[in-house]
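One-letter residues, chain by chain:
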Amino acid sequence: MEKVKLPIKVDPARCAQSRLVYQGVFAAALMPRLQDSTQGIHGDIDVSLNFGTDAQGLRVMSGHARSQVSLQCQRCNELFDTTIESEFTYTPLRANAEAPELPEDYDTIEVDEIGEINLAEIIEDELILALPQIPTHENEQCSEGKFDQSFGEIPTAEERPNPFAVLEGLKRK
């Protein structure tokens, strides 16, 4: 399948009415904040987007984004390549509009003065949020991973005594 460059800005209301489906790529050059947050982006960012209307009548944009990036391991300071992915669902709202009762997995996004959203910024935000807080290799691949140690075992919740069991006994008296 041929990789198609996606539009940077779209009107989500029109796209939802037409039930558009986009599958394509954004150039890494359109993601300067992601570039600054990593040690490099490898290739283009793969994106799939679906526009439509849900059961509540809300206009919805859902999608998936994936990118190959280089990160610096926080244990050994070596670079490693990894894939970051994000799945998202947005419903567009006008500025200062009151948000309706939304399902838990929906986020809102404000449209600009002409009713458009910047897809490149949304995808960049989603991928930045998908970055690991502490990037590290797997223990087997990291030169410092052999020093990652844990001592003893943490008891499971069933094995640990309830610290309030004594109070419960006093309450019954």
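Rules used in this analysis
- Residues numbered from 1 in each chain as written.
- Predicted model: local features only at pLDDT ≥ 70, side-chain atom pairs only at ≥ 80, totals over all residues.
- Heavy atoms only, no water.
- Pairing = 2+ DSSP bridges.
- Helix = DSSP H or I, 4+ residues; strand = E, 2+ residues; numbered from the N terminus.
- 1 Å grid on protein atoms, 1.4 Å probe; cavity = no way out; pocket = protein on both sides within 12 Å on 5 of 7 lines; lining within 4 Å.
- Points joined across faces, edges and corners; volume = space filled by probe spheres on them.
- Nonpolar A, V, L, I, M, F, W, Y, C, P; charged D, E, K, R; others polar.
- Phe/Tyr/Trp six-rings, centres within 6.5 Å; stacked < 30°, edge-to-face > 60°.
- Buried < 20%, exposed > 50% of the residue type's maximum accessible area, 1.4 Å probe, protein only.
- Patch = residues over 30% accessible without salt bridge, like charges linked within 9 Å, V, L, I, M, F, W, Y side chains within 5 Å.
- Areas by Shrake-Rupley, 256 points an atom, 1.4 Å probe, with all protein chains shown as cover.
- Salt bridge = Lys/Arg side-chain N within 4 Å of Asp/Glu carboxyl O.
- Core = buried A, V, L, I, M, F, W, Y, C linked by side-chain atoms within 4.5 Å.
- Contact = heavy atoms within 4.5 Å.

Mind laying out the pairing of strand β5 (residues 79-93), listing which residues take part and the relevant values?
Inspection of the sheet shows strand β4 (residues 59-72) paired to β5 by twelve bridges, in the antiparallel sense. Each bridged residue has a counterpart across the sheet, and for Val69 the counterpart in β5 is Thr82. Counting the residues between successive antiparallel strands, the hairpin from β4 to β5 contains six residues, one of them, Asn77, with a positive phi of roughly 65°. Relative to strand β6 (residues 107-110), β5 is paired through four bridges, and the arrangement is parallel. Looking across to β6, one finds that Thr91 is bridged to Thr108.

Describe the layout of surface pockets, listing the residues and the values that go with them.
Within this model, the largest pocket holds a volume of roughly 180 Å³. Surrounding the largest pocket, Asp11, Pro12, Ala13, Arg59, Thr91, Pro92, Leu93, Arg94, Val111 and Gly115 form its lining. Contributions of two or more residues to the lining of the largest pocket are made by α1 (12-18) and β5. Considering each element in turn, the lining of the largest pocket owes the most residues, three residues, to β5. When the residues that make up the lining of the largest pocket are grouped by side-chain class, the tally is five nonpolar, two polar and three charged.

Before we move on, could you go through the packing of aromatic side chains and cite the residues and values that matter?
Considering all chains together, one arrives at two aromatic pairs under this definition. Here the aromatic rings of Tyr22 and Phe51 are separated by 6.0 Å at their centres, their planes lie at 90°, and the arrangement is edge-to-face. A residue pair is termed long-range when its members are at least 10 positions apart, and Tyr22 in strand β2 (residues 21-26) and Phe51 in strand β3 (residues 40-53) qualify at 29 residues. Judged by relative accessible area, Phe51 falls into the buried class, the value being 5%.

I'd like to hear about a nonpolar patch on the surface, residue by residue, with values.
Together, Phe164, Val166, Leu167 and Leu170 line one region of the surface with nonpolar side chains, adding up to about 440 Å² of accessible area. Checked against the element boundaries, Val166 lands in helix α4 (residues 165-172).

Residues and numbers for the nonpolar core, please.
A general tendency of soluble globular proteins is for nonpolar side chains to be buried together. The biggest cluster of nonpolar side chains holds 31 residues, and the ones touching the most others in it are Phe26, Ile45, Met61 and Ile123. Contributions of two or more residues to this core are made by β3, β4, β5 and α3 (119-130). Those residues in contact with Met61 that sit more than four places away from it in its chain are Leu49, Asn50, Phe51, Phe88, Thr89, Tyr90, Ile117, Leu119 and Ile122.

What is shown is where atoms sit, not what they do.
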